[in-house]
Amino acid sequence: MTRSIRPDAVLVQAVIAGALSFAHLHDIAAAAGQDGWKAWAYPISVDLLLVAAWRRLRILRSTGGPIRAAWTWFAVALAASLGANVATAGLLDLSNVPAWLRILVAGWPALAFLGGTLLVHTPADRETEHDPAEQVSVLAFSAPEPDPAPEEIAAPDQPGALPAAPAVNVPDALLSYARKVAAEHHTRTGTPIDTDTLRTRLGVPIPMADAIAAQLT
C-alpha cells in the first residue's frame, strides 16, 4: 500500500527561510573580503551557533539552570543573521562595504568559537539551588533525637541481649523534601539515590538517612 507524500508547510517555509538567510550571510561575507570557501563557512557558523544556543537554552530550562548566557549567545547569533538579511535589502552598498563591517565579519570566527565553547561547557546538570527557608527546615529536622529515658527502654527478652534501637521518626516535611531530592538525582543520573548521597544532600545523621531511604524504596 503506497502512502502519499504530503509536504509540511512549516518545513517548506523553514527550508526557504534558511536558504535565503544562508545566501544573505554568504553575500555579506563575500562583500567583506571573505572569498572562496570562507564566504560559505560564515552562514554555517552563524546558523550553528543559533541552533546550539537554542538547544542549550531548552536544556537549561528543563534542569533549572541559569539561562542568561544561553540567551546572550542566541541573541548574538540572531543579530548576525537578521543584520545580514536587512543589510542585503538595499540598505548597504555591497561594492563598498564600510570598515566596521569588515571588522565584524573578520572577528566573527573568534566570537563564534568563544560562544560555542561556553555553551558546551555550561553545566546543564548543576545542582538546583535550594530555598533558604527549605535549608533551615532541613537543618531543624536534622537534630539528633534525644535519648529515651531509662524507664522507657523495654527490657530485653533474653539476659545479656542489647535493647533494640528506638525507631527514628521522620517528619513529613523532611520526607517530602527527600523525595524531591531523590527524584532530582534520578532524573540527573538515571540511577536511584544511595543512602550516603542522600545523607550528604540532606545533612542528616546516619540513622535518619537510613530511615528516610527505607521509606523512599
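Residues numbered from 1 in each chain as written. Predicted model: local features only at pLDDT ≥ 70, side-chain atom pairs only at ≥ 80, totals over all residues. Heavy atoms only, no water.

Time to look at the pattern of salt bridges. The tally for this structure, following the rule as stated, stands at two salt bridges. In this structure, the salt-bridge partner of Asp35 is Lys38, at a minimum N-O distance of 3.9 Å. Judged by relative accessible area, which is 51%, Asp35 ranks as exposed. Here Lys38 falls in the partly exposed class, since its relative accessible area comes to 32%. In this structure, Glu184 and Arg201 form a salt bridge, with 3.6 Å as the shortest nitrogen-oxygen distance. With Glu184 in helix 6 (residues 172-189) and Arg201 in helix 7 (residues 195-202), this pair connects stretches of sequence that are 17 residues apart. Classification of Glu184 as buried rests on a relative accessible area of 18%. Residue class for Arg201 comes out buried when judged on its relative accessible area of 19%. (Salt bridge = Lys/Arg side-chain N within 4 Å of Asp/Glu carboxyl O. Buried < 20%, exposed > 50% of the residue type's maximum accessible area, 1.4 Å probe, protein only. Helix = DSSP H or I, 4+ residues; strand = E, 2+ residues; numbered from the N terminus.)

Under the definition given, this model contains three aromatic pairs. Each ring, one from Trp71 and one from Phe74, has its centre 5.8 Å from the other, and the planes form 85°; the classification is edge-to-face. Placement of both Trp71 and Phe74 in helix 3 (residues 68-91) is noted, with a separation of three residues, approximately one turn of the helix. Overall, the relative accessible area of 35% leaves Trp71 in the partly exposed class. A relative accessible area of 16% places Phe74 in the buried class. An aromatic cluster is present here, built from Trp54, Trp71 and Phe74 joined pairwise through their rings. (Phe/Tyr/Trp six-rings, centres within 6.5 Å; stacked < 30°, edge-to-face > 60°.)

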